[in-house]
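So the chains spell out like this:
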Amino acid sequence: MLKAVARHTDQKWIVLYVERWLKAPMQMPDGTLAPRVKGTPQGSPISPCLANLFLHYGLDVWMERTFPIVQFERFADDAVIHCVSESQARLVRDAVARRLVEVGLELHPDKTRIVYCKDSRRRGTYEEISFTFCGYTFRPRRAYDRRTGEAFTGFLPAVSPGKLTAMSRRVGSWRLHRRTTLDLHDLAAGINLVLRGWFGYFTAFYPTAVIPLCERIDRHLVRWARWKYKRLARSGRRAWAWLAGVRSRAPELFVHLRYCSAPSC
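Residues numbered from 1 in each chain as written. Predicted model: local features only at pLDDT ≥ 70, side-chain atom pairs only at ≥ 80, totals over all residues. Heavy atoms only, no water.

Novice: How would you explain the overall build of the protein if you had to name every residue and give the values?
Specialist: In terms of helices and strands, the protein carries eight helices and seven strands. Projected onto the principal axes, the alpha-carbon positions of the protein cover approximately 70 × 60 × 35 Å. Looking at the 265 residues of the protein, the share that counts as buried comes to 32%. Across the protein, the fraction of contacts at a sequence separation of at least 24, relative to all contacts at a separation of at least 6, is 47%. A total accessible area of about 17700 Å² is found for the protein, and carbon and sulfur atoms account for 54% of it. Taken as two groups, the 44 positive and 23 negative side-chain charges of the protein have centres that lie 10 Å from each other. (Helix = DSSP H or I, 4+ residues; strand = E, 2+ residues; numbered from the N terminus. Buried < 20%, exposed > 50% of the residue type's maximum accessible area, 1.4 Å probe, protein only. Contact = heavy atoms within 4.5 Å. Areas by Shrake-Rupley, 256 points an atom, 1.4 Å probe, with all protein chains shown as cover. Lys, Arg positive; Asp, Glu negative; His and termini not counted. Charge placed at Lys NZ, Arg CZ, Asp CG, Glu CD.)

Okay, structure coming up:
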């Protein structure tokens with residue numbers, strides 16, 4: 001690790017501090033100090049940077065040298081390697097496993113899989129036809145030809161079910177219906193800070209997959225309105241009509257509204 005850091009700086013104090021971080025003991029819950037002989041400090045803001053630098057030389061550069069025609073992507077400790085056949089995939093997987101052992105790492109036994117990217121052009125039945133990378137699940141999905149309108153199956157990414165569930169739970173934890181002291185614009189300003197990031201990232205591909213999240217947000221807004229306005233308290237229909245009016249008057253007020261064309265999506 002220190003050798004990799006030294007290659008990118010001529011400042012001796014930087015290498016010195018990195019060495020101290022790597023060799024610092026771990027404080028246990030009872031206050032005792034346990035020596036560390038490998039790895040980076042868990043939870044430290046420098047750890048992701050150092051781990052990424054280590055894998056750049058431990059994996060990326062090695063892949064480019066050993067398999068120059070095999071394309072791959074890596075984000076932190078997750079990687080996707082593209083092969084043209086199952087036999088090539090097995091060859092590369094086994095070679096990567098040996099390489100990681102050489103640098104003191106190992107492949108995750110459960111997450112490392114060979115996946116067949118099945119679509120309309122690729123026939124056959126295979127056990128693994130999906131994978132998740134950077135919050136997106138890649139799998140066979142229905143798509144349409146823009147020129148002819150004809151439906152076909154493409155191997156496409158969309159927000160993963162796990163991420164969708166986590167975001168939905170996060171929205172529920174806000175307990176928007178209790179924020180009745182806020183007006184609509186203040187409510188929107190508060191949650192748009194988070195929604196803008198979510199929708200900006202997870203609608204880059206297959207944006208219709210986020211519709212269930214839009215529906216969840218709409219239900220919370222309707223519940224907020226029924227708690228805040230007495231005239232809406234007894235009528236769900238009136239509350240949904242109120243939200244339709246908000247959508248019509250201010251379609252950009254809430255970030256999610258642009259991805260959900262009707263009050264009930």
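Let's pick the thread back up.
Novice: Give a description of the pattern of salt bridges that names residues and reports values.
Specialist: All told, the structure shown has eleven salt bridges when counted by the stated rule. The shortest N-O distance in the salt bridge between Asp119 and Arg121 comes to 3.4 Å. For Arg121, a relative accessible area of 70% gives the class exposed. Here the residues in one salt-bridge network are Asp119, Arg121 and Arg122, joined through shared partners. (Salt bridge = Lys/Arg side-chain N within 4 Å of Asp/Glu carboxyl O.)

Novice: Break down the sheet that holds strand 7 (residues 151-159) for me, citing the residues and quoting the values.
Specialist: Backbone-to-backbone hydrogen bonds join strands into a sheet, with any given pair of strands oriented parallel or antiparallel. Spatially, 5-6-7 is the arrangement adopted by the three strands of the open sheet, whose pairing is antiparallel. Looking at strand neighbours, the two that pair on one side only are strand 5 (131-133) and strand 7, the edges of this open sheet. Neighbour-to-neighbour, the strand axes of this sheet turn through a mean angle of 50°, independent of strand direction. Relative to strand 7, strand 6 (residues 136-144) is paired through nine bridges, and the arrangement is antiparallel. Counted as the bridge partner of Ala143 is Phe152 from strand 7. (Pairing = 2+ DSSP bridges. Axes fitted to C-alpha atoms, helices over the stretch in contact; angles between N-to-C directions.)

Novice: Quick rundown of the environment of Ser85? Include the residues and the values.
Specialist: Along the chain, Ser85 falls in the loop between strand 4 (78-81) and helix 4 (86-102). When the C-alpha positions of Ser85 and Tyr116 are compared, they lie 9.1 Å apart, and in sequence the two are 31 residues distant. Side chain to side chain, Ser85 and Ser87 meet in a polar contact 3.1 Å long. (Polar contact = N/O pair within 3.5 Å; in protein donor to acceptor, adjacent residues only side chain to side chain.)

Novice: Please provide a residue-by-residue account of a nonpolar patch on the surface, values included.
Specialist: Residues Trp13, Leu16, Tyr17 and Trp21 make up a contiguous nonpolar surface patch of about 430 Å² in total accessible area. Along the chain, the position of Trp13 falls in helix 2 (residues 12-23). A relative accessible area of 52% places Trp13 in the exposed class. (Patch = residues over 30% accessible without salt bridge, like charges linked within 9 Å, V, L, I, M, F, W, Y side chains within 5 Å.)

Novice: How would you explain the side chain of Arg36 if you had to name every residue and give the values?
Specialist: Along the polypeptide, Arg36 turns up in the loop between strand 2 (33-34) and helix 3 (47-66). Put simply, Arg36 is tucked away with no salt bridge, and the nearest opposite charge, on Glu19, sits 12 Å away. A polar contact is formed between the side chain of Arg36 and the backbone oxygen of Leu22, at a distance of 2.8 Å. Within the structure, the side chain of Arg36 is placed 2.8 Å from the backbone oxygen of Ala24, a separation counted as a polar contact. When near neighbours in sequence (up to four residues on either side) are disregarded, Arg36 contacts Trp21, Leu22, Lys23, Ala24, Pro25, Met26 and Pro41.

Novice: Outline the environment of Val222, supporting the account with residue identities and numerical values.
Specialist: With respect to the element layout, Val222 can be found in helix 7 (residues 211-228). The spacing of Val222 and Ser235 is 13 residues in sequence and 11 Å in space, taken between C-alpha atoms. When sequence neighbours within four positions are dropped, the list of residues in contact with Val222 reads Ala239, Trp240 and Leu243.

Worth remembering: the numbers are spatial, not functional.
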